[in-house]
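If you want the building blocks of each chain, they are given just below.
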Amino acid sequence: MDFNMKKLASDAGIFFTRAVQFTEEKFGQAEKTELDAHFENLLARADSTKNWTERILRQTEVLLQPNPSARVEEFLYEKLDRKVPSRVTNGELLAQYMAEAASELGPSTPYGKTLIKVSEAEKRLGAAERDFIHTASLSFLTPLRNFLEGDWKTISKERRLLQNRRLDLDACKARLKKAKAAEAKATLWNDEVDKAEQELRVAQTEFDRQAEVTRLLLEGISSTHVNHLRCLHEFVKSQTTYYAQCYRHMLDLQKQLGRFPGTFVGTTEPASPPLSSTSPTTTAATMPVVPTGAGLSPPEEAALCLEEVAPPASGTRKARVLYDYEAADSSELALLADELITVYSLPGMDPDWLIGERGNKKGKVPVTYLELLS
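Residues numbered from 1 in each chain as written. Predicted model: local features only at pLDDT ≥ 70, side-chain atom pairs only at ≥ 80, totals over all residues. Heavy atoms only, no water.

A. Inspection of the environment of L144 at higher detail. Its location among the elements puts L144 in helix α5 (residues 110-184). The buried category is assigned to L144, whose relative accessible area is 3%. On a C-alpha basis, the gap between L144 and H228 in space is 7.3 Å, while along the polypeptide they are 84 residues apart. Other than its neighbours up to four places away in sequence, L144 contacts T53, I56, L57 and H228. (Helix = DSSP H or I, 4+ residues; strand = E, 2+ residues; numbered from the N terminus. Buried < 20%, exposed > 50% of the residue type's maximum accessible area, 1.4 Å probe, protein only. Contact = heavy atoms within 4.5 Å.)

In structure tokens form, the structure reads like this:
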């Protein structure tokens, strides 16, 4: 019991000494041991990494789950170490409503048939969104959380220890300075100065040891950046896969709707700049707009016998296929992404289409699926 009381008294004394030292430093009444410039840069870099990691983490969470109530619920489940219940995505819920509407309004009517087709596409979009959220959470959010809840807590703990060691060191320096001043006035014995010098040596050793431990942890931030860079690549990869899936689903839906008899299909204007042979990189990055029913070739052109079509003497070009394309009928040429074909135009032909040749096969191909090469 006496030992515990003495320890508590000692801890209280140390805390008081540190508080006094800290307060006097703030008011400029005590000297402060400054860290070297390299160490200060490491501290600033670590703080910046922590702050931006927190902000990126929070905003990514908002991106993956815009509903704040749902985010709070997921956070509580994680803290309780319980599995987060499966939640229907907005796309899947919309698909459900559309399917129920079609059933009630008449699944055989043009509107009902379209509702069913759109609901099927929305369901696939919802499933793709669910996969993206799961993949992004594992490959991106989890490593960021692990850094904040693991490595950063360790760094913060060692920094607090270093701050205490520095306060102890500076307090010892102040005591030694006072002891030497008193000795000069012959008011203290030499053993008091010796004691202060011994305490200073111990405090300096502990401070140096703690500074080295903290420095090594701070230098490990570089490894953290490497790890986060790898995770960022994984996040971009999963996001690219998600948007590519969404694009394919909507492309298929648009083609299906364009073939529905009596289905209204408006004229689609491409949102991206026109194809340019001078900037293939920009062209490849744009999403093509699928040709709709309003942009299809006229019946007389579709009936053209492709076997009798000969390429013009000049004006043929090579083109790289950007996306897979499934031929709608025998007049079109099916395409595979990344293959090279020869293309050319015929007089009076729809500008959204070209004639494509691959070996002994030829057929109409949509321009928006191609990157025209010089």
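B. Summary view of helix α3 (residues 68-79). Given a rise of 1.5 Å per residue, twelve residues ought to cover 16 Å, and the 17 Å separating the end C-alpha atoms of α3 matches this to within 8%. In this structure N67 caps α3, since a side-chain oxygen of it lies 2.9 Å from the backbone nitrogen of S69. One or two steps after α3, the chain reaches D81, where phi turns positive at roughly 55°. (Expected span 1.5 Å × (residues − 1). Polar contact = N/O pair within 3.5 Å; in protein donor to acceptor, adjacent residues only side chain to side chain.)

C. Region of the structure containing the sheet that holds strand β4 (residues 361-366). Overall, antiparallel pairing links the five strands, which are arranged β4-β3-β2-β1-β5 in an open sheet. Each of the sheet's edge strands pairs with one partner strand only, and the pair in question is β4 and β5 (370-372). On average, each strand axis in the sheet is tilted by 40° relative to the strand beside it, whichever way the strands run. Bridge analysis of strand β3 (residues 353-358) against β4 gives six bridges, and the strand direction is antiparallel. The residue of β4 that forms the bridge with W353 is P366. (Pairing = 2+ DSSP bridges. Axes fitted to C-alpha atoms, helices over the stretch in contact; angles between N-to-C directions.)

D. Representation of the nonpolar core. Grouped together as the largest cluster of nonpolar side chains are 34 residues, with contacts concentrated most on F39, F132, F140 and L218. Mapped onto this core, the elements with two or more residues apiece are α2 (37-64), α5, α6 (190-219) and α7 (221-259). By residue number, the principal contributor to this core is α5, which donates 16 residues. In this structure, F132 is in contact with L64, F235, S238, Q239 and Y242, ignoring residues within four places of it in sequence. By size, the runner-up hydrophobic cluster in this structure holds 22 residues, among which are Y247, V343, L370 and L372. (Core = buried A, V, L, I, M, F, W, Y, C linked by side-chain atoms within 4.5 Å.)

E. Region of interest: the pairing of β3. Across the six residues of β3, five count as buried, placing the element largely inside the fold. Of the strand pairs in this sheet, strand β2 (residues 340-344) and β3 are connected by three bridges, and their pairing is antiparallel. Bridged to T342 within β3 is E357. The turn joining β3 and β4, which pair antiparallel and follow one another in sequence, is formed by two residues; a positive phi near 65° is taken by G359.

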